[in-house]
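# Descriptive analysis of the structure
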Amino acid sequence: MTTATHRSAEQIGRTPAGPRPLPALGVTREVPLPDVTGTTLANGLRVLVARRASVPMVELRLRVPFADPAPGGGHPAIAELLSETLLTATATRDRVAIDDELAAVGADLGASVDPERLLVAGSGLADGLATILDVLADVLTGATHPDHEVARERERLVERIAVARAQPRTIAREALQRVRFGTHPITAEMPTAEAVTAVTAEQVRATHAASLVPRGSTLTLVGDVDPAAAVAAVDKALGSWTSDRAALELSAPPYPAPGDLVLVHRPGSVQSQLRLSGPAVPRDDPAYAALQLANLVFGGYFSSRWMENIREDKGYTYGAHSGAEFIPGGAVLGIDTDVASDVTAAALLETRYELGRLSAVPPTAEEIDAARSYAVGSLLISLDNQGGLASTIAGLASVGLDLDWLRAHPARLHAVTADDVAEAALRFFAPSGFSGVVVGDADVIGRGVRALGGIA
């Protein structure tokens, strides 16, 4: 027999007097944020560049406001196909040539679109920035959206839409958006298959020429680059991307009004989706930091009250989450979880209970301190790589904020008092302030949830 030469984890974690106490948290280290060089080119494109030389790469984010100029006219379907075919061909490059040139500098680019913006995002070797910008300029100014590529992507998109629309989370999201915002264009997150089928390549090319424009758009670069040289490279590559019109910003939707939850019938479903929503405030509002901490205590992270109740204690769900969703002109609060049909009413009851408890029994100092540590720590982690920093800079710029706001945010979180959190809890989390949807088999869950009241 051999003698053990090490202690087990159980032995290390215990003493003769019982479990070994955990050490106190240390001082949260700061992630140094670089300066951001900002300029607006003659064509109206705003360029933001931050040097972070941790790895020899560069991250790119091009945000183009891409709102529907004539709601109801098929723009969401056209925009989806435009983003899918943007990088397929230009007058001088086909799909293979585009991919090969990007691959030669370790780069990739991809495009996506939603009711607010079209985003081109990617990364590559820093010394290949000129090549990346040259390819980007070519697709922005000369993408041809070939008929056969549009036809192929149209078929794929129709298939993806059919699959997505069969998913309960998609059904719940679309129902929630209608309750929140009615017929506002922000709800058009996914076009119908019929609308996609009707799109022609000519419509895609026309929308590209009319709406994919530099004025009002923002290009963000973060990486091992010299800011002045990067701006000059952007101006050289994208200076010929011009238009007489500005990119179209999405108008602010109406704030969701409190009211009864809408029961959405999904025959045969064995699960239900609970989606509640109420008003919130944007990042630059003085109450935002307190709202952030109140939300974390309620349902914003794994140690929250709501998660502890309906997952750890009751076993109703695998996950529950709440958080702010930023929209043009403001923000809304979202609360969502999926539960088995037979516990839908019980889960809704406990959700309302936790909302009411947060309002009536404010978070303790210990709960607030834990939420504060999580908020500051997760913020710093999200900025500890080039990609996260690039996305953050681009996101802040879209609402008129910059890294100065971010630098000051940990201090704002530390300055929040228990009274501030209690006020935010009462203002934003009172059960009477919410509307939303319950999606499930109404024949199974209807009687139970209606017995709780507040169900349309």
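Residues numbered from 1 in each chain as written. Predicted model: local features only at pLDDT ≥ 70, side-chain atom pairs only at ≥ 80, totals over all residues. Heavy atoms only, no water.

### Structural notes on the sheet that holds strand β8 (residues 218–223)
In space, the six strands of this open sheet follow the order β3-β4-β8-β5-β7-β6, with mixed pairing throughout. Edge positions in the open sheet fall to β3 (36–40) and β6 (108–113), since each of these has one partner strand only. Looking at each pair of strands side by side, their axes are set apart by 15 degrees on average, direction ignored. By the bridge criterion, nine bridges tie strand β5 (residues 57–65) to strand β7 (residues 117–125) in an arrangement that is antiparallel. Across the sheet, V64 pairs through a bridge with L118, a residue of β7. Its contacts with the sheet put helix α2 (residues 75–85) on β6 and β7, and the angle it makes with β6 is roughly 180 degrees. (Pairing = 2+ DSSP bridges. Helix = DSSP H or I, 4+ residues; strand = E, 2+ residues; numbered from the N terminus. Axes fitted to C-alpha atoms, helices over the stretch in contact; angles between N-to-C directions. Contact = heavy atoms within 4.5 Å.)

### Concerning the sheet that holds strand β10 (residues 271–279)
Taking strand neighbours across the sheet as the criterion, the five strands line up as β9-β13-β10-β12-β11 in an open arrangement whose pairing is mixed. Looking at strand neighbours, the two that pair on one side only are β9 (261–265) and β11 (320–327), the edges of this open sheet. Across the sheet, the mean angle from the axis of one strand to that of its neighbour is 20 degrees, orientation sign disregarded. The pairing of β9 with strand β13 (residues 435–440) spans five bridges and is classified as parallel. Note on β13: the bridge partner recorded for L261 is G436. The strands touched by helix α10 (residues 288–300) are β11 and β12 (330–340); relative to β11, the strand with the most contacts, the crossing angle is about 150 degrees. Where helix α12 (residues 344–360) meets the sheet, its contacts fall on β9, β10, β12 and β13, and the angle it forms with β10 comes to roughly 25 degrees.

### Here we look at unusual backbone geometry
If you check the backbone angles, H145 has positive phi at about 40 degrees while not being a glycine. Along the polypeptide, H145 turns up in the loop between α4 (129–142) and α5 (147–165).

### Topic: the UniProt feature "domain: Peptidase M16 N-terminal" (unreviewed entry) in the protein
What UniProt calls "domain: Peptidase M16 N-terminal" (unreviewed entry) maps, in this numbering, to residues 78–183. Split by type, residues 78–183 is 61% helix and 14% strand. Its first and last C-alpha atoms lie 19 Å apart. (UniProt positions renumbered as here; feature names shortened; annotations may be inferred.)

### Overview of the environment of L60
The topology assignment puts L60 in strand β5. A residue is classified by how much of its surface remains accessible, and L60, at 3% relative accessible area, is buried. In sequence terms L60 and T220 are 160 residues apart; their C-alpha atoms lie 5.7 Å from each other. Among residues more than four places away in sequence, those in contact with L60 are L109, V120, A121, G122, I132, L133, L136, L219, T220 and L221. (Buried < 20%, exposed > 50% of the residue type's maximum accessible area, 1.4 Å probe, protein only.)

### A short note on the packing of α10 against helix α11 (residues 305–313)
Relative orientation of the contacting elements α10 and α11 amounts to 5 degrees, with a least axis distance of 5 Å. Classified by the angle between their axes, α10 and α11 sit roughly parallel to one another. On α11, the residues that touch V297, F298 and G299 of α10 are R305, W306 and M307. Within the contact of α10 with α11, the residues separate by chemical class into four nonpolar, one polar and one charged. (Parallel < 35°, antiparallel > 145°, perpendicular 65-115°, else oblique. Nonpolar A, V, L, I, M, F, W, Y, C, P; charged D, E, K, R; others polar.)

### Concerning the pairing of β10
With seven of nine residues buried, β10 lies mostly within the body of the structure. As defined by bridge partners, β10 adjoins β12 across nine bridges and the pair is classed as antiparallel. Following the sheet pairing, Q273 is matched in β12 by D338. When β10 meets β13, the two strands line up antiparallel, connected through five bridges. Bridging from a neighbouring strand, R275 pairs with V437 of β13.

### A look at the environment of G319
Examined against the element boundaries, G319 turns out to sit in the loop between α11 and β11. Ignoring anything within four residues of it in the chain, the contact list for G319 reads M307, T337 and D338.

### Side note on the pattern of salt bridges
Within the structure shown, the criterion is met by 29 salt bridges. In this structure, R93 and D138 form a salt bridge, with 2.6 Å as the shortest nitrogen-oxygen distance. Of this pair, R93 sits in the loop between α2 and α3 (95–104) while D138 sits in helix α4; the two residues are 45 residues apart in sequence, bridging distant segments of the chain. As far as burial versus exposure is concerned, R93 and D138 are alike and both buried. With a shortest N-O distance of 2.9 Å, D313 and K314 are connected by a salt bridge. Salt bridges here are not isolated pairs; linked through shared partners, they connect R95, E149, R152, E153 and R156. (Salt bridge = Lys/Arg side-chain N within 4 Å of Asp/Glu carboxyl O.)

### Details of the nonpolar core
Among the nonpolar cores identified, the biggest contains 62 residues, and L293, L406 and F429 are the most heavily contacted of them. Contacts of L406, omitting those with residues within four sequence positions, involve L33, L379, L383, T392 and L396. Counting 54 residues, the second-largest nonpolar core is a separate cluster that includes L45, L86, I132 and L238. (Core = buried A, V, L, I, M, F, W, Y, C linked by side-chain atoms within 4.5 Å.)

### Topic: helix α9 (residues 227–238)
The first and last C-alpha atoms of α9 sit 16 Å apart over 12 residues, in line with the 16 Å expected at 1.5 Å per residue. Along α9, the residues classified as buried are P227, A230, V231, V234, A237 and L238. Down the axis, α9 shows its buried residues gathered within 135 degrees of arc, on one side only. Facing away from the buried surface of α9 by more than 90 degrees, the exposed residues are A228 and K236. (Expected span 1.5 Å × (residues − 1). Arc of directions from axis to C-beta.)

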